[in-house]
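A closer look at the structure
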Amino acid sequence: VMVSARGVYSKYSIQPASPMDFGAMIKGTQKTQVLTLENKGALTFKFLIHQAPPLRRVLGPSWRPRPGILLAGGVQGMANSHQPVLALFLQAQLTAGMFTVSPCSGSIGPWGNQKITVDCNAEEEGKCEEQLYIDISNR
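Note that the structure is predicted; figures quoted are calculated from it, not measured.

1. Re the overall build of the chain
Looking only at helices and strands, one finds two helices and 10 strands in the chain. Sequence-ordered secondary structure for the chain, helices as α and strands as β, is β-β-β-β-α-β-α-β-β-β-β-β. Across the 139 residues that make up the chain, the buried fraction comes to 32%. Summarising the internal contacts of the chain: among those between residues at least 6 apart in sequence, 75% fall at separations of at least 24. With the model as given, the accessible surface of the chain reaches about 8500 Å², and the carbon-plus-sulfur share is 55%.

2. So, the sheet that holds strand β1 (residues 12–15)
Taking strand neighbours across the sheet as the criterion, the five strands line up as β1-β3-β9-β7-β6 in an open arrangement whose pairing is antiparallel. Every other strand in the sheet has two partners, leaving β1 and β6 (94–96) as the edge strands with one partner each. Across the sheet, the mean angle from the axis of one strand to that of its neighbour is 20°, orientation sign disregarded. One ladder, built from three bridges, connects β6 with strand β7 (residues 99–102); its direction is antiparallel. Bridge pairing in β7 places Leu 94 opposite Val 101.

3. Topic: the state of the cysteines
What the rule picks out here adds up to zero disulfides. Cysteine Cys 128 remains unbridged, with the sulfur of Cys 120 as its closest cysteine sulfur at 7.0 Å.

4. Notes on the pairing of strand β9 (residues 113–121)
Inspection of the sheet shows strand β3 (residues 30–39) paired to β9 by nine bridges, in the antiparallel sense. Looking across to β9, one finds that Val 34 is bridged to Thr 117.

5. Quick notes on the nonpolar core
Core analysis: the biggest nonpolar cluster contains 23 residues, and Phe 22, Leu 37, Phe 47, Ile 49, Val 101 and Ile 116 have the highest contact counts within it. Mapped by element, the contributors of at least two residues to this core are β3, β4 (45–51), β6, β7, β9 and β10 (128–136). The leading source of residues in this core is β10, at four residues. Those residues in contact with Ile 116 that sit more than four places away from it in its chain are Gln 33, Val 34, Leu 35, Leu 37, Phe 47, Ile 49, Val 101, Ser 102 and Pro 103.

6. A look at the side chain of Glu 130
Structurally, Glu 130 can be placed in strand β10. You can call Glu 130 buried: its relative accessible area is 7%.

7. Focus on the packing of aromatic side chains
Applying the stated criterion to the full structure yields two aromatic pairs. An angle of 40° between the planes, with centres 5.7 Å apart, marks the rings of Phe 22 and Phe 99 as tilted. Here Phe 99 lies in strand β7 and Phe 22 lies in the loop between β2 (20–21) and β3, a separation of 77 residues in the sequence. By relative accessible area, Phe 99 is classed as buried at 0%.

What counts as what
Residues numbered from 1 in each chain as written. Predicted model: local features only at pLDDT ≥ 70, side-chain atom pairs only at ≥ 80, totals over all residues. Heavy atoms only, no water. Helix = DSSP H or I, 4+ residues; strand = E, 2+ residues; numbered from the N terminus. Buried < 20%, exposed > 50% of the residue type's maximum accessible area, 1.4 Å probe, protein only. Contact = heavy atoms within 4.5 Å. Areas by Shrake-Rupley, 256 points an atom, 1.4 Å probe, with all protein chains shown as cover. Pairing = 2+ DSSP bridges. Axes fitted to C-alpha atoms, helices over the stretch in contact; angles between N-to-C directions. Disulfide = S-S within 2.5 Å. Core = buried A, V, L, I, M, F, W, Y, C linked by side-chain atoms within 4.5 Å. Phe/Tyr/Trp six-rings, centres within 6.5 Å; stacked < 30°, edge-to-face > 60°.

Encoded structure:
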């Protein structure tokens, strides 16, 4: 009896690379950008996009975030508090400040891709930046 196996892990790419900058916007307008999450491996993987908690305040100025996507817009926004993980799995979109990301979770088969829409709604004056993480299973 011949038995064989091959150990592999998830391979992926995110385009465009961080940061995603919406630039200056007129108050009351909306801009949309799309990023593509691509599965470049032989295994299906799950992804989950979530907002980074405000750890810089807790951990101090030397803290460095893990890789993710930085969203920036030329307007002021209010940051949401960190959401419970179960709620993140159950929602179709994520709102972080003035940014809305959809879908914020899913599954991508081998060599497949998922278009992720990021909307920026310029409701206040000032600058807004949010840090989002994309967690990939089986890395």
